[in-house]
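Letter by letter, the chains look like this.
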Amino acid sequence: MTRVLDQQSRYWLLVMPALLLMTVFYVYPLIQVLWISVTEPEPGLGNYAELFTSGFLHKIWWTTTRICTLTTILTVVLGYIVAFAMAHVRERQMTAMMFCILLTFWLSVLIRAFAWVMLLRTNGMINDLLMAIGLTDEPLRLSRNEFGVVVGMVHFMLPLAILPIYANLRGISPSYVSAARGLGASARQAFLGVYLPLSKPGIISATMLVFVFSLGFFITPAILGGGKVVMISEYIRVAFEETLLWGKATMLATSLLFAVLLVLAVVGRFVDLRKVFGAT
Amino acid sequence: MTGSEQPVRSGLSHALSLHSVTKLYGSLAAVDDVSLSIPRGSFLTLLGPSGSGKTTILMAIAGFVQPTRGEIRLDDRVITNVPPDKRNFGMVFQGYALFPHMTVEDNIWFPLKVRGISKARASTAIGEALELVQMGALARRLPSQLSGGQQQRVALARALVFEPDLMLLDEPLSALDKKLRADLQWELKALHRKLGTTFIYVTHDQEEALSMSDEIVILRDGRIEQQGEPGALYEKPATRFVADFLGKSNFLAGKVAGRDAETFTYSVEGTELRQCSTAPVALGENVLVALRPEKIVVARSRPDLPNATVGRIAEFNYYGANYHFKVATPHLGDLIATTPAWNCDVEPALDSEVWLGWSPEAAVVVEDR
Amino acid sequence: MSTKKPSIKGTLYEKDLYADEELFQMDCAAIARERLERGEIDRRTFLKALGLIGMLPAVATLGRDAHAAAGEVVVVNWGGPAVDAYMKAFGEPFEKATGMKVVIDGTGPLGSKIRAMVEAKNVTWDVCDTGAGTTLVLAKAGVIEPIDYTIVDRTKVLPEFAFEHGVVNYMFSFILAYNKKTNAKIPQNWRDFWNLAEFPGKRTMRKQPNGMMESCMLAAGRSLDKVYPIDIPLAISKFKEIKDEVIIWGSGSQSQQLFREQEVVMGNIWHTRANLLRRDMGGDVDWTWNEGCVAPGMWNVPIGNPAGKDNAMKFIASAQDPDQQIELFKAMGNGPANPAAAPKVPEDMRAFDPGQPENLAMQVPFNGKWYEEDYGNGKTNDQVSRELWLEAQAS
């Protein structure tokens, strides 16, 4: 009996330093943020009240939610397609594709955002191409607006979606689809009835990952949005660094955190979250 | 088919034929010019070692492999290029491939669902299929909650529920333990009798093939080595390969010394043996004779048989019902003989002296390949 | 000549990057780099990069900043070539005159960092080079000292630029810049800027309202001397009139890039950037001082500074010398704050000096006092205009 206890406490000892580190550098600052949000400029929930009264804040939340949702849907769909391709081509092609995906992952977000500006702007390469092949007479407004922002964000997030989905797809034995085909299912029926349901965990991981990440985005929206697409994170930064309204900034940051936790809670009702995060 | 039961759905069984089917992978021929005709309602087994092409043939019949050359016909229809989902064959794969995210019920419903039949309308058929394999009580379980044998039964039910034209089974029992395998062999055979559907079965286990099949096709390196009823194949193997693959054989290689109307003699290392054969053999010709262990008489003293030799027990195994003796003989090499354990004439001990004997009808002349 | 982003190299963290938020000081550093040779990364630049990593590490690095020993004054600006330029122009004369050591720290005096420092009672900076906007915000937060005008000479600055909690160190302007080639006519004033019919094409304006609302008022018909008090709702509605054609700039190089890539035909930008554009685009882009808004860079002194309030004020007073300011002007393009410097500026550089009398006459000085005033319900004009300006952009 004592032997067993010893092992348990030994594990705890091993984990303790990491827990301590997390508490100091993660939990404690979080508590600080929460504290500031209810004490500045004066103690109380005044900052939170603004969430309900300020039309501007509503607009920002709505913009953020809209763009993040749109980005998430597009990214997961595109990511699924790419992951599907990767799971079905030969080893060498798969490696090449993986390399390309990881390569963009390692590029700085700033470089990517500016690259998109160059491609999407009024006299940029895409508009030149569209006009050259006659699809449009006047250049399209592709950047400095929500369209540009979504494009930039989807592009950034794709590896985040592709990787978990691909990991899932790889584990799906081809015998399932063969069995379905043999039982009379067309390729489409086999995909919808068997393959897609089996890839659900990957899709859910990707969705959560992309959504939570995109909530915190502000560089890409700032550069590609022409200043007109203001998202929560941007506003938090302004409140924190420029106008020094720390009460507001922390309130928004806390609300964002709660929003994410809420999303996780809702998802958790439909899906075994532990499985999604890797437990077997 | 034996038994007094009338087959339930014999009107639905079809005849399959392969015509010069070849499958090349690069320059390697996995299947080499195979022609086969499978009569309605029979239980045919494709038997062979791994790499013999049996699974490839089955996959070609199923539609997952496209033959490089040749044709496959169902009754009179050419189906070589028909996609697998349009062939209406029931398939039971190795590993069962039960859909892990569906219950047993839903798994069985699946082939009906893709044919546009709602679950409500399908419920009778699903129920019947479950009854057929005695899995009615576990309808709501998930595959992960079933044992290997139960999963195999569900896979069978799923493949049968839509009344397929043919059943294709790819080593369905290989993952099960011996006792379960034996039980399920009985069940499969009963199922086949009851349904009357044509069964095409792939296995490398020759006992399975012998016990269940109406006809066995032995494959080797992509070609048909020999085909026929189990008894015929077992008693009259055509080649060394078949004699050794189907059951066990001792091989005696010698030169023909003399002959008469029904038998001939041949000598192996100076010992003269007599062999029954009506096939023409020439004097001096080299000949290979296969002798099954169970046909050798094991005795304490010289048996009164035309072929006999003395020997010492080099090794023996006890199998409850039988003894298997490996007997070292002075001129004929090591011979394997089996004898019932309860009636054994000799003392089963190493180095015991024993006499082995057999009649000319007991052995068979085979081609040496 | 490149328009690459200044200073921070190869970081992956969004919050470090200041991609679109830049104070004028940082921008001058960027320009200076583009002019001068690129120096190696020194410890100060490194510290600055470190310091930009979020709040906690910023506070953590506070201890690592050059800390003031006795008799040492730490002056903080935006780094790069500004470090050496400030040292030569202001630091060395002060050291000679008083014997106190001067350390120029290029970490970048962000408002949030100053506040964090003061509230944590761990101040390591004596004099900070910020701007009018930041001064207003910091004053409201109560973390900077009022300027001691018994030490600092009020007469050596334009009266509008002697704030209560900050005093001007150099001047720069928000001006109307335009592309001669893509405009059929030359825009002369802000009414032309607002005239979308006769001057079609996109414009650019800054993310913050300071310097922008003034142009809105002028476009609305106010004369130069009647710009203040700014009617904020009027300015906002004026902005909304042309909002769809406006691309917002956050950093100086961004404003420059928009012109270079011909995404805009005119803009309300810093004169230093317009100057670069004129030089680099073969004269295609030009600007006018007319109806410009001349604004001050500011010296701030955090409360509780290590060298003591008096020494900080002494440094500021010392930097009011016209020759020192001209020295800085030559190095980095910052207009001298002391009116007495104007006649001493070399002839060929006068066109670029916002403080020249003929240039000043055409401009409206940024009125810090008005921004400090109460708008109502506890907020200053500055706070309200920031909120409404951002709101207008996002709507």
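The structure displayed is predicted, hence computed values, not measured ones. (Residues numbered from 1 in each chain as written. Chains lettered and ligands numbered in written order. Predicted model: local features only at pLDDT ≥ 70, side-chain atom pairs only at ≥ 80, totals over all residues. Heavy atoms only, no water.)

**Q** Can you lay out the overall build of chain B for me, pointing to particular residues and giving the numbers?
**A** When helices and strands are counted, chain B shows eight helices and 20 strands. Per-residue burial for chain B yields a buried fraction of 51% across its 369 residues. Here chain B has roughly 16900 Å² of accessible surface; of this, 50% comes from carbon and sulfur atoms. (Helix = DSSP H or I, 4+ residues; strand = E, 2+ residues; numbered from the N terminus. Buried < 20%, exposed > 50% of the residue type's maximum accessible area, 1.4 Å probe, protein only. Areas by Shrake-Rupley, 256 points an atom, 1.4 Å probe, with all protein chains shown as cover.)

**Q** Please give an account of the confidence of the model for chain A that cites residues and values.
**A** Overall, the predicted model of chain A reaches an average pLDDT of 86, with 95% of residues at or above 70. Element-level pLDDT for chain A is lowest in helix H14 (residues 273-276) of chain A, with a mean of 65, against a maximum mean of 93 in helix H9 (residues 187-198) of chain A. (pLDDT = per-residue confidence, 0-100.)

**Q** Which residues make up the interface of chain A and chain B, and what values go with them?
**A** Of the residues lining the interface, 16 residues belong to chain A; the matching set on chain B comes to 20 residues. Summed over both sides, the interface of chain A with chain B buries roughly 1500 Å², with 70% coming from carbon and sulfur. Scanning the region where chain A abuts chain B turns up one salt bridge. If you look at where chain A meets chain B, you find four residue pairs in polar contact (both at pLDDT 80 or more). (Contact = heavy atoms within 4.5 Å. Buried area = accessible area lost by both parts, 1.4 Å probe. Salt bridge = Lys/Arg side-chain N within 4 Å of Asp/Glu carboxyl O. Polar contact = N/O pair within 3.5 Å; in protein donor to acceptor, adjacent residues only side chain to side chain.)

**Q** How would you summarise helix H2 (residues 104-113) of chain B if you had to cite specific residues and measurements?
**A** For H2(B), a buried count of eight out of ten residues is recorded, marking the element as mostly surrounded by other parts of the structure. Listing the buried residues of H2(B) in full gives B:Val104, B:Glu105, B:Asn107, B:Ile108, B:Trp109, B:Phe110, B:Pro111 and B:Leu112. If you follow the buried residues of H2(B), they end up packed against helix H8 (174-182) and H9 of chain A together with helix H3 (119-132) and helix H4 (148-160) of chain B.

**Q** Give a detailed account of the packing of helix H2 (residues 46-53) of chain A against helix H13 (residues 246-270) of chain A, specifying residues and quantitative values.
**A** All names here are of chain A. One way to put it is that H2 packs onto H13 with a least axis distance of 9 Å and a crossing angle of 70°. One element, H2, and the other, H13, form an angle in the roughly perpendicular class. As H2 packs across H13, the resulting crossing turns out to be right-handed. Residues Asn47, Tyr48, Glu50 and Leu51 of H2 touch H13, and the partners they reach there are Gly247, Lys248, Met251, Leu252, Thr254 and Ser255. (Axes fitted to C-alpha atoms, helices over the stretch in contact; angles between N-to-C directions. Parallel < 35°, antiparallel > 145°, perpendicular 65-115°, else oblique. Left-handed = near helix turned anticlockwise from the far one by under 90°.)

**Q** Before we move on, could you go through the interface of chain C and chain A and cite the residues and values that matter?
**A** Listed per partner, the contact involves 43 residues of chain C and 37 residues of chain A. For the pair chain C and chain A, the interface holds five salt bridges. Measuring nitrogen to oxygen at the nearest pair gives 2.2 Å for the salt bridge that ties A:Glu40 to C:Arg115. The interface formed by chain C and chain A holds seven residue pairs in polar contact (both at pLDDT 80 or more) in total. At the level of secondary structure, the elements contributing two or more residues to the side of chain C that touches chain A comprise helix H3 (55-62), helix H5 (111-119), helix H6 (132-141), strand S6 (246-249), helix H10 (252-260) and helix H16 (381-394) of chain C. Counting residues per element, the side of chain C that touches chain A draws most heavily on H16(C), at seven residues.

**Q** Residue-level account of the packing of aromatic side chains, with values.
**A** The final tally for this structure, using the stated rule, is 35 aromatic pairs over all chains. Seen in terms of ring centroids, C:Phe90 and C:Trp299 are 5.9 Å apart; in terms of plane orientation they differ by 75°. Their pairing is edge-to-face. In this pair, C:Phe90 is assigned in helix H4 (residues 81-98) and C:Trp299 in strand S8 (residues 285-300), connecting sequence segments 209 residues apart. Note on C:Phe90: relative accessible area 1%, which makes it buried. Joined through ring pairs, the aromatic side chains of C:Tyr86, C:Phe90, C:Phe94, C:Trp299 and C:Phe315 make up one cluster. The ring of B:Phe162 carries B:Arg115 above its face, with NZ or CZ at 4.1 Å from the centroid. (Phe/Tyr/Trp six-rings, centres within 6.5 Å; stacked < 30°, edge-to-face > 60°. Lys NZ or Arg CZ within 6 Å of the ring centre and 35° of its normal.)

**Q** Describe the nonpolar core, listing the residues and the values that go with them.
**A** Grouped together as the largest cluster of nonpolar side chains are 112 residues, with contacts concentrated most on A:Leu252, B:Phe99, B:Ile108 and B:Phe110. Looking at this core, the element that brings in the most residues is helix H7 (residues 146-170) of chain A, giving 14 residues. In this view, B:Phe99 contacts A:Tyr176, A:Ala179, A:Ala180, A:Leu183, A:Val194, B:Asn107, B:Phe110, B:Pro143 and B:Arg158; residues no more than four positions away in its chain are not counted. (Core = buried A, V, L, I, M, F, W, Y, C linked by side-chain atoms within 4.5 Å.)

**Q** Go over the sheet that holds strand S13 (residues 271-276) of chain B with me, naming the residues and quoting the values.
**A** All names here are of chain B. Pairing is antiparallel in the open sheet, where five strands are placed in the order S13-S12-S11-S14-S20. In this open sheet, the two edge strands, each paired with only one partner strand, are S13 and strand S20 (363-366). In this sheet, neighbouring strand axes are inclined to one another by 45° on average, regardless of whether the strands run parallel or antiparallel. Pairing of strand S12 (residues 263-268) with S13 involves six bridges; the strand directions are antiparallel. Counted as the bridge partner of Thr263 is Cys276 from S13. (Pairing = 2+ DSSP bridges.)

**Q** Quick rundown of the sheet that holds strand S2 (residues 28-38) of chain B? Include the residues and the values.
**A** Residue and element names in this part refer to chain B. Spatially, S2-S1-S4-S5 is the arrangement adopted by the four strands of the open sheet, whose pairing is antiparallel. A strand with exactly one partner marks an edge of an open sheet, and here the two such strands are S2 and strand S5 (77-78). Across the face of the sheet, helix H1 (residues 54-62) comes into contact with strand S1 (16-25), S2 and strand S4 (69-74) while running at roughly 115° to S1.

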